[in-house]
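Breakdown of the fold
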Amino acid sequence: MSTIKMKAVKCPTEDLSYTNCAIINNNDFPDDVKHVEVITGPNQHFVFSVRNHHEISRGTVGFSLLQRKWATLSLNQEIEVRAFTDFSKSAACVCNMVLEVDFLLKKTASLEPYDTDLMAKDFLLQFSGCAFTVGQLLPFKFLDKKVLSVVVKSIEAVDLLTVGAGQNVKPIKIKLGRCLGDTVIQFEKTMNSTLNLVGKSMGKMARQSIINPDWNFEDMGIGGLDKEFTDIFRRAFASRLLSVDVVSKLNFKHVKGILLYGPPGTGKTLMARQIGKMLNAKEPKIVNGPQILDKYVGESEANIRRLFADAEEEERKLGPNSGLHIIIFDEIDAICKSRGSVSGNTGVHDTVVNQLLSKIDGVEQLNNILVIGMTNRRDMIDEALLRPGRLEIQLEINLPDENGRFQILNIHTAKMRVHNKLANDVDLKELAGLTKNFSGAEIEGLVRAAQSTAMNKLVKVTNKVEVDPEAMENFNVNRGDFIYSLENDIKPAFGTNDDDLGRLMLKGIITWGKPIADILSEALFCKEQLLATEGPALVSILLEGPRKSGKTALAAQIAKNTNFPFIKICTSEDMIGFSEPAKCSAVEKIFTAAYRSQLSCVLVDNIERFLDYGPIGPKYSNLMLQTLSLLLNKKPPRDRKLLIIGTTSRKQILQDLEILSDFKTILHVPNLQTANDILSVLEEVDLFSKDELVNLHGKLQGRSIYIGVETLLDLIDRARPVEANYRMSKFISKLEQEGYLE
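Everything in this summary refers to the structure shown in the same document. (Residues numbered from 1 in each chain as written. Predicted model: local features only at pLDDT ≥ 70, side-chain atom pairs only at ≥ 80, totals over all residues. Heavy atoms only, no water.)

**Some remarks on unusual backbone geometry**
- Positive phi values are uncommon outside glycine, yet glutamate 331 reaches one of about 55°.
- Note that glutamate 331 resides in the loop between strand 18 (325-330) and helix 11 (348-361).
- We classify glutamate 331 as partly exposed; its relative accessible area is 32%.
- For asparagine 420, which is not glycine, the phi dihedral falls at a positive 55°.
- Position of asparagine 420 among the secondary structure elements: in the loop between helix 13 (414-418) and helix 14 (428-434).
- Residue classification places asparagine 420 among the exposed positions, given a relative accessible area of 63%. (Helix = DSSP H or I, 4+ residues; strand = E, 2+ residues; numbered from the N terminus. Buried < 20%, exposed > 50% of the residue type's maximum accessible area, 1.4 Å probe, protein only.)

**Quick notes on the sheet that holds strand 17 (residues 285-288)**
- Reading across from one edge, 17-18-19-16-20 is the order of the five strands in this open sheet, with parallel pairing throughout. The open sheet has two edge strands with one neighbour each: strand 17 and strand 20 (393-396). Here the strands of the sheet are splayed against their neighbours by 15° on average, with no regard to which way each runs.
- By the bridge criterion, four bridges tie strand 17 to strand 18 in an arrangement that is parallel. When the bridges of strand 18 are listed, valine 287 appears paired with phenylalanine 329. (Pairing = 2+ DSSP bridges. Axes fitted to C-alpha atoms, helices over the stretch in contact; angles between N-to-C directions.)

**So, the packing of aromatic side chains**
- Tallied over the full model, the rule gives 14 aromatic pairs.
- Centre to centre, the rings of phenylalanine 123 and phenylalanine 140 are 5.5 Å apart; their planes meet at 75°, and the pair counts as edge-to-face. Within this pair, whereas phenylalanine 123 is found in helix 4 (residues 116-127), its partner phenylalanine 140 is found in strand 10 (residues 137-140), the two being separated by 17 residues in sequence. Just as phenylalanine 123 is buried, phenylalanine 140 falls in that class too.
- In this structure, lysine 145 packs its charged tip against the face of tyrosine 114, placed 5.4 Å from the ring centre.
- Note that lysine 429 overlies the ring of phenylalanine 406, its terminal NZ or CZ placed 4.2 Å from the centroid. (Phe/Tyr/Trp six-rings, centres within 6.5 Å; stacked < 30°, edge-to-face > 60°. Lys NZ or Arg CZ within 6 Å of the ring centre and 35° of its normal.)

**Here's the deal with the sheet that holds strand 27 (residues 665-668)**
- What the five strands build is an open sheet, ordered 24-25-26-23-27; its pairing is parallel. This sheet does not close on itself; its edge strands, each paired only once, are strand 24 (566-570) and strand 27. Between one strand and the next, the sheet's axes are offset by a mean angle of 15°, whatever the strand orientation.
- Bridge count for strand 23 (residues 537-544) against strand 27 is four bridges, and the pairing is parallel. Opposite isoleucine 541, over in strand 27, you have threonine 665 as the bridge partner.
- Along the sheet, helix 21 (residues 580-594) makes contact with strand 24, strand 25 (599-604) and strand 26 (641-648), crossing strand 24 at roughly 170°. (Contact = heavy atoms within 4.5 Å.)

**A closer look at the pattern of salt bridges**
- A complete count under the given rule lists 18 salt bridges for this structure.
- Arginine 82 is paired through a salt bridge with glutamate 37; the nearest N and O atoms lie 3.0 Å apart. With arginine 82 in strand 6 (residues 78-83) and glutamate 37 in strand 3 (residues 35-41), the pair connects residues that are 45 residues apart, well separated along the chain.
- For glutamate 396, the salt bridge goes to arginine 640, with nearest N and O atoms at 3.8 Å. One end of the pair, glutamate 396, is in strand 20; the other, arginine 640, is in the loop between helix 23 (622-633) and strand 26, and 244 residues separate them in sequence. Judged on exposure class, the residue glutamate 396 and its partner arginine 640 are both buried.
- Connected through salt bridges with shared partners, the residues Glu100, Lys153 and Glu188 form a single ionic network. (Salt bridge = Lys/Arg side-chain N within 4 Å of Asp/Glu carboxyl O.)

**Side note on the packing of helix 21 against helix 23**
- At a minimum axis distance of 9 Å, the contact between helix 21 and helix 23 shows a crossing angle of 10°. Taken as axis vectors, helix 21 and helix 23 run roughly parallel relative to one another. Residue-level inspection shows Glu580, Pro581, Lys583, Cys584, Val587, Glu588 and Phe591 of helix 21 in contact with helix 23, the latter providing Asn622, Leu623, Met624, Thr627, Leu628 and Leu631.
- By residue class, the composition of the contact of helix 21 with helix 23 is eight nonpolar, two polar and three charged. (Parallel < 35°, antiparallel > 145°, perpendicular 65-115°, else oblique. Nonpolar A, V, L, I, M, F, W, Y, C, P; charged D, E, K, R; others polar.)

**Quick look at the packing of helix 15 (residues 440-455) against helix 17 (residues 479-488)**
- The contact between helix 15 and helix 17 brings their axes to 8 Å, and the two run at 120°. The pairing of helix 15 with helix 17 is recorded here as oblique in orientation. Helix 15 and helix 17 meet at a crossing whose hand is right-handed. Contacts between helix 15 and helix 17 involve Leu446, Val447, Ala449, Ala450, Thr453 and Ala454 from the former and Asp481, Phe482, Tyr484, Ser485 and Leu486 from the latter. (Left-handed = near helix turned anticlockwise from the far one by under 90°.)

Next up, the structure:
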């Protein structure tokens, strides 16, 4: 950052000399510059907060007497000045400052007591936001008493990034910091000073932080949610670090509500329960949504009022000094459904929502509550509850990434490692890589399943079932137990179903010619294009071609080659008997699930069947057409990426329905048309000997061939049981009889 040559001058007014700010002309620096760094020589750098004043000439900086004394500045001395922006990047929160004070003019000494509590309050009001350096000198004008001289003795800070990373929150010594509204100010008088200090803000005192000092993120059993927890802390608790006086002066209203939503088992309830342990607050009230409902008239609403009664009473007694009251609603969608959506004439759900709205942010609003709601169905929550002032922080708790899964595995195997019950061949990083799209609950289930598999070795079955005492001594859980449980016991509810992909590729993929190799290469290019795109990205591929040409198997192979953690197959056969709206809802649900994963692939097979297209009529489902068209063009949220693979045997129909253009890439899957194509397939399936293949090639050469690879594989299966001497003639005969060979 460039520096400006300037000169040091006096402060233009006496009042400005008490601000602890360097005074600059508003034309020398932009309005957003709040601090500057003054360089007076080699290794002599001083940071000052700044204020603008019209009486300061351009190219000069005004300093008070004590500031010049601290920075060893003389009047009209040439200095280098540049904007200081490191405070905006720093995550350090200054929690404690110790100041040495004495009378500015010793001859004006007085025995009048100085209340350090009032001094700390006034100091924050005057200097909150200012830069301070250990050893700095400044004047402090306290009420109408004698002006004091202040020396910054020490500064302690907490790194807020360690909060999100789950480390112990311990103050660290720093040299330079910015005073915040909640910084604890402690006063000490200088040696031989006659200053009479009274009050509690003296000497070294423990800081009463909103964060419980014994809190440790990992010990709570939450893993993979560091970023989410940091977001919650920043939005909901950072403002509560400010002192009551600053909050009152700003007329600031704290965040009162958080909604945690996402797939089941991702740690929403666990996170909400542990927030109370993290904070120096009242014991949280935890209620399940259905517990609020009561069969007696008015009791459901009364249950809501009882939850807020303690907070209301404390607010009346203590006002802004009231402690924080946390109320946690699990399955909040059970009581806060959109008003008017529940059938019946009782209207109980509606009145419960009304009561909750009035308590969180009604006429007599409270500023000492934090309501945390959890749900798997955010779409069911009444919209009025989601506006700012109510549940304004809406955080999606998604499936953990690989690092998060490693943290969760580490947590659930910690005790096993302490007691040497985890074998040395167990690599948690390897397991984290193998458990793609596992939720936290499913990872915990995997650990339990592996333990059960290992414990089965202890059971000795003879005439009766008993535990083998010899095996008990050397019992541990090894890698094989985890792999067995991963393959047989625990499957992720959200993610790729390998069985479904395998079902579409029962006979494998045969690259019988250049067209197939080109399709696989182009699909790989589309995947790389998707990954290279910054931000949210959507790439769609349509495989079109005649029936039985292997489009579905090829699409499944392309999806499998992506190695994405989320791959879902959308087929019309899974929706047999569904009504038209139900089909649309099922398809939309698959795409919504795909948006939750960082990398997703959705395979939509036989699109014309989804559209209920009939050649006689013709007819089609306009509702499904509009649904698919919207989903094919809807980008996933945030930085997530989605690959859509469609297949169709009716390209012209899709073009007539104006859905063909919704696909970015269209690839043609042809039938086999030459003898070499058929020979390539036969070489892969091992039906004929080499001599027979040469003979067959001669018989097919020059003849017109047109057959889909799927049909050809069926003919091969039908020819396989035939006696070897007649197999070739039978195979050629079938090709001719069924019209694939002229």
